[in-house]
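Read off the chains here:
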Amino acid sequence: DAMVIQNPRYQVTQFGKPVTLSCSQTLNHNVMYWYQQKSSQAPKLLFHYYDKDFNNEADTPDNFQSRRPNTSFCFLDIRSPGLGDAAMYLCATSTGGVVETQYFGPGTRLLVL
Amino acid sequence: TQLLEQSPQFLSIQEGENLTVYCNSSSVFSSLQWYRQEPGEGPVLLVTVVTGGEVKKLKRLTFQFGDARKDSSLHITAAQPGDTGLYLCAGVGIAGYSTLTFGKGTMLLVSP
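Residues and numbers for the interface of chain B and chain A, please.
Each partner contributes to the interface: chain B provides 23 residues, whereas chain A provides 24 residues. The tally of links from chain B across to chain A stands at one salt bridge. Residue E41 of chain B pairs with R9 of chain A through a salt bridge whose shortest N-O separation is 3.6 Å. In this structure, the connection of chain B to chain A is made through four residue pairs in polar contact (both at pLDDT 80 or more). Of all the secondary structure elements, the ones that give two or more residues to the side of chain B that touches chain A are β4 (31-37), β5 (44-49), β9 (85-92) and β10 (100-102) of chain B. Sort the elements by how many residues they give to the side of chain B that touches chain A and β4 of chain B lands first, with four residues. Among the residues making up the side of chain B that touches chain A, the classes are represented as eleven nonpolar, ten polar and two charged.

Take a look at the structure:
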């Protein structure tokens, strides 16, 4: 089935140790998003790619970077994770049309020790 | 900045009860979506409403989009424990392609 896949599902890292989360999609969608979600809160958009066009939210910390080497893959790099970065990270995709249905992956839960 | 106010933030009910979740904004949206998220999983789309006044039903769930396309409601009839989860409304702006604006979510707990 076409889907959004995130790896790993759980990631443990140490304070300050760089970590990369990955997302892949078989939907061939133009847009890929990264969200941060803390416990029982709404997802907070970090950035998104429309094709290769990168769009950063104004309040996304510089500590967070992203790469999209091709249509199918998108990576979230956290350069120096802090304790406050522990959260669920969700990847989503959409076609980029006017009725913007987003399809979410299962998420990666990040724990920072 | 478009904001969506979602209420209540938390709801704990018994199996068989009815409930309504509200999503309100001062902004107009081209469409509004409802997602349900279970613990440890990503949000799953339940419905998209596009037309002002539109009502959509999904089994025991009824979704309504306000006439002015600024608000929406989700009504669940005879809630079941399987309905437990975080319900999120999300709006699409009217300026063509745009990102979603999420409400803060309603955490629903249905006890047997």
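Pulling in residues and values, what's your account of the sheet that holds strand β1 (residues 5-7) of chain B?
All names here are of chain B. Taken in spatial order, the five strands of this open sheet run β1-β3-β8-β7-β6, and their pairing is antiparallel. The open sheet is flanked by β1 and β6 (55-58), the only strands paired with a single partner. Strand-to-strand twist in this sheet, taken as the mean axis angle between neighbours without regard to direction, amounts to 15°. Taken together, the four bridges between β6 and strand β7 (residues 61-65) define a ladder with antiparallel strand orientation. Bridging from a neighbouring strand, L58 pairs with L61 of β7.

Here is what the cut-offs are and how they apply
- Residues numbered from 1 in each chain as written.
- Chains lettered and ligands numbered in written order.
- Predicted model: local features only at pLDDT ≥ 70, side-chain atom pairs only at ≥ 80, totals over all residues.
- Heavy atoms only, no water.
- Contact = heavy atoms within 4.5 Å.
- Salt bridge = Lys/Arg side-chain N within 4 Å of Asp/Glu carboxyl O.
- Polar contact = N/O pair within 3.5 Å; in protein donor to acceptor, adjacent residues only side chain to side chain.
- Helix = DSSP H or I, 4+ residues; strand = E, 2+ residues; numbered from the N terminus.
- Nonpolar A, V, L, I, M, F, W, Y, C, P; charged D, E, K, R; others polar.
- Pairing = 2+ DSSP bridges.
- Axes fitted to C-alpha atoms, helices over the stretch in contact; angles between N-to-C directions.

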